[in-house]
Amino acid sequence: TEGDELMNMDVVRRFAELTAEKKKTEDRLRAIKDEMGALEPAVLSELVENQVDRMPMTTDDGDRITIFIHKQAWARPIDGDKGAVVRTLKRCGLSDLVSESYNANSLSAYVRERLADGQSLQPTLKKVLRVDEVTSIRGKRSPLSTESQTAKAMRNQRG
């Protein structure tokens, strides 16, 4: 095409190749984690039954890996009642363990959806939020579908 003469297609092609490689690597990592998760109960059972808490291994590739039992205490809310835990932590003088925040991804998704639907932000939110369009380069394995929420949101905000 006309733009190909002016554009350094080698760097664009290399970016596309690396994007494809990254996606394949992420898929492979997910598969490895899934298989490890499936094997973990059997490995734990073997170590416990044989009263072994750590076992050094050498892989077929020559890597040295020590397999070991890891135990860690985790505090969890009874019946999933996080509110009760927050209130109790504050009463116990442990308010430094409590943070009041919001999820930036969820907030941005809400803003994109609202603006894409042609609605403006609530006046109180307009006073505390700035909406920026962030540009980056990404790649997908599948072709692009319809216009994104961000594109609609930014068009409607300018509109």
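How each quantity is defined
- Residues numbered from 1 in each chain as written.
- Predicted model: local features only at pLDDT ≥ 70, side-chain atom pairs only at ≥ 80, totals over all residues.
- Heavy atoms only, no water.
- Helix = DSSP H or I, 4+ residues; strand = E, 2+ residues; numbered from the N terminus.
- Rg over C-alpha atoms; globule rule 2.2 N^0.38 Å.
- Buried < 20%, exposed > 50% of the residue type's maximum accessible area, 1.4 Å probe, protein only.
- Contact = heavy atoms within 4.5 Å.
- Areas by Shrake-Rupley, 256 points an atom, 1.4 Å probe, with all protein chains shown as cover.
- 1 Å grid on protein atoms, 1.4 Å probe; cavity = no way out; pocket = protein on both sides within 12 Å on 5 of 7 lines; lining within 4 Å.
- Points joined across faces, edges and corners; volume = space filled by probe spheres on them.
- Salt bridge = Lys/Arg side-chain N within 4 Å of Asp/Glu carboxyl O.
- Pairing = 2+ DSSP bridges.
- Patch = residues over 30% accessible without salt bridge, like charges linked within 9 Å, V, L, I, M, F, W, Y side chains within 5 Å.
- Expected span 1.5 Å × (residues − 1).
- Bend = angle between axes of the 7 residues up to and from the residue.
- Polar contact = N/O pair within 3.5 Å; in protein donor to acceptor, adjacent residues only side chain to side chain.

## Overview of the overall build of the chain
- The helix and strand tally for the chain stands at six helices and two strands.
- In sequence order, the secondary structure elements of the chain are arranged as α-α-β-β-α-α-α-α.
- Computed over C-alpha atoms, the radius of gyration of the chain comes to 25 Å, more than 25% over the 15 Å expected from 2.2 N^0.38 for 159 residues, which places it beyond the range of a compact globule.
- On the principal axes, the C-alpha backbone points of the chain span a range of 70 × 60 × 25 Å.
- Counting over 159 residues, the chain shows a buried share of 6%.
- A sequence separation of at least 24 residues applies to 33% of the contacts in the chain between residues at least 6 apart.
- Entry remark: accessible area of the chain is about 14,400 Å², with carbon and sulfur atoms responsible for 53%.

## A look at the layout of surface pockets
- In this model, the second largest pocket occupies a volume close to 510 Å³.
- Lining the second largest pocket are 13 residues, with Met36, Leu39, Glu40, Val43 and Ile67 positioned closest to its centre.
- Listing elements by their share of the lining of the second largest pocket, those giving two or more residues are helix H2 (9-49) and strand S2 (64-68).
- Here the element with the most residues in the lining of the second largest pocket is H2; it accounts for nine residues.

## Structural notes on the pattern of salt bridges
- Tallying each qualifying case throughout the model produces six salt bridges.
- Across the pair Lys22 and Glu26 runs a salt bridge whose closest N-O atoms are separated by 3.8 Å. With Lys22 and Glu26 both in helix H2, this residue pair falls four residues apart, about one helical turn.
- For Asp132, the salt bridge is made with Arg130, and the minimal N-O distance between the two is 2.7 Å.
- Note on Asp132: relative accessible area 44%, which makes it partly exposed.

## Structural notes on the pairing of strand S1 (residues 54-58)
- Pairing analysis gives five bridges linking S1 to S2, with the strands arranged antiparallel. Within S2, the position partnered with Thr58 by the bridge is Arg64.

## Let's talk about a nonpolar patch on the surface
- Judged by side-chain polarity, Leu39, Val43, Met55, Met57, Ile65 and Ile67 come together as a nonpolar surface patch covering roughly 450 Å² of accessible area.
- Secondary-structure elements contributing two or more residues to the nonpolar patch are H2, S1 and S2.
- For Ile65, the position within the fold is in strand S2.
- The exposure class of Ile65 is partly exposed, given its relative accessible area of 39%.

## Some thoughts on the environment of Leu125
- Here Leu125 shows up in helix H5 (residues 123-128).
- On the accessibility criterion, Leu125 (22% relative accessible area) is partly exposed.
- For the pair Leu125 and Asp10, spaced 115 residues apart in sequence, the C-alpha to C-alpha distance is 44 Å.

## Examining unusual backbone geometry
- Of note in the backbone geometry, Gln51 takes a positive phi value of approximately 50° without being a glycine.
- The phi dihedral of Asp79 falls on the positive side, at around 55°, and the residue is not glycine.
- Tracing the chain through its elements places Asp79 in the loop between S2 and helix H3 (82-91).
- Overall, Asp79 belongs to the exposed group, its relative accessible area being 79%.

## Thoughts on H2
- With 41 residues, H2 ought to run about 60 Å at 1.5 Å a step, and its terminal C-alpha atoms sit 59 Å apart, in line with that.
- When the local axis directions of H2 are compared, the greatest deviation, roughly 40°, occurs at Leu39, which is followed within four positions by the proline Pro41.
- Measuring from the side-chain oxygen of the N-cap residue of H2 to the backbone nitrogen of Asp10 gives 3.1 Å; that N-cap residue is Asn8.
- Note on H2: the residue one or two positions beyond its end, Gln51, has a positive phi of about 50°.

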